[in-house]
Structures are given as structure tokens and as C-alpha cells.
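Per-entry structural report
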Amino acid sequence: MGSVNEPPGITGISHLFEHMMFKGTKTIGTKDYAKDTEILAQQDAIRTQMEKEYTLLREAKRRGEITGEIYDPANMTRA
């Protein structure tokens, strides 16, 4: 039931519940579904950009171009 044991990219019931709790549905957890969907779309777009950056940082780390964590702000401000 817990997502801690789920392989990356494969999610189960706990992930579904997470989405329902934090994103809601058309009838649960919202007072303005249209506005909520706009905000969620913006969040998804930002998350996509973040994932692209993390992919670049992981590749740079594998090549030895950066050290430490990819989430370290010093690594994120590379030229």
C-alpha cells in the first residue's frame, strides 16, 4: 500500500489517494474547478521544467562535472 516500495514510474493506490488529497477531483476538494485546473497545469509545466534540469544535473554528475547532491543550490546555478 505504501509508495516507498514502488519502483519509479509505477504507482499504486497510495499515489491515487495523494492526488485526490492534494489535487482533488471535479467535485471533491475544490470550489472553482476551472481555476484549479489552470493552476495545476502551471504546476505541471514547472515540474516538467524542473525534471529536465534534474536530468541535466544527473548527467553532469555521472560525467564528474559536479560533486555532491544535484539538489544543492551551488550545482543548480551552473553556467
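Up top you'll find the structure we're talking about.
**Looking at the overall build of the chain**
- Of regular secondary structure, the chain possesses three helices and zero strands.
- For the chain, the sequential pattern of α-helices and β-strands runs α-α-α.

**Quick word on the nonpolar core**
- Core analysis: the biggest nonpolar cluster contains five residues, these being Tyr54, Leu57, Ala60, Ile66 and Ile70.
- Residues within four places of isoleucine 66 in sequence aside, it is in contact with Leu57, Ala60, Lys61 and Asn75.

**Brief notes about the packing of aromatic side chains**
- Here the structure, examined in full by the defined rule, presents one aromatic pair.
- Seen from their ring centres, tyrosine 54 and tyrosine 71 are 4.9 Å apart, and the 70° between their planes marks the pair as edge-to-face. Taken together, the residues span a long stretch of sequence, with tyrosine 54 in helix H2 (residues 33-62) and tyrosine 71 in the loop between H2 and helix H3 (73-76) at a distance of 17 residues.
- On the basis of relative accessibility, which here comes to 46%, the residue tyrosine 71 falls in the partly exposed class.

**Thoughts on the pattern of salt bridges**
- For the structure shown, the criterion picks out three salt bridges.
- When the shortest N-O distance is used, the salt bridge between glutamate 51 and arginine 47 registers 2.9 Å. You can see glutamate 51 and its partner arginine 47 sitting in helix H2, four residues apart, about one turn around the helix.
- Where glutamate 65 meets arginine 63, a salt bridge forms, and the shortest distance between an N and an O atom there is 2.8 Å.
- Using a relative accessible area of 52% as the deciding quantity, one classes glutamate 65 as exposed.

**Thoughts on the side chain of asparagine 75**
- Relative to the elements of secondary structure, asparagine 75 occurs in helix H3.
- Reaching out from asparagine 75, the side chain makes a polar contact with the backbone oxygen of threonine 67 at a distance of 2.9 Å.
- Not counting the four nearest positions on each side in its chain, asparagine 75 is found in contact with Leu57, Ile66, Thr67, Gly68, Glu69 and Ile70.

**Observations regarding the environment of glutamate 69**
- Along the polypeptide, glutamate 69 turns up in the loop between H2 and H3.
- The exposed category is assigned to glutamate 69, whose relative accessible area is 54%.
- Through-space distance from the C-alpha of glutamate 69 to that of leucine 57 is 9.2 Å; in sequence the pair is 12 residues apart.

**Some thoughts on H2**
- In a regular helix each residue adds 1.5 Å, so 30 residues correspond to 44 Å; H2 covers 42 Å between its end C-alpha atoms and thus fits that length.
- Listing the buried residues of H2 in full gives Leu40, Tyr54, Leu57 and Ala60.
- Residues of H2 that are buried in the fold lie against H3.
- Immediately downstream of H2, the backbone of glycine 64 shows phi near 85°, a positive value.

Calculation rules
Residues numbered from 1 in each chain as written. Predicted model: local features only at pLDDT ≥ 70, side-chain atom pairs only at ≥ 80, totals over all residues. Heavy atoms only, no water. Helix = DSSP H or I, 4+ residues; strand = E, 2+ residues; numbered from the N terminus. Core = buried A, V, L, I, M, F, W, Y, C linked by side-chain atoms within 4.5 Å. Buried < 20%, exposed > 50% of the residue type's maximum accessible area, 1.4 Å probe, protein only. Contact = heavy atoms within 4.5 Å. Phe/Tyr/Trp six-rings, centres within 6.5 Å; stacked < 30°, edge-to-face > 60°. Salt bridge = Lys/Arg side-chain N within 4 Å of Asp/Glu carboxyl O. Polar contact = N/O pair within 3.5 Å; in protein donor to acceptor, adjacent residues only side chain to side chain. Expected span 1.5 Å × (residues − 1).

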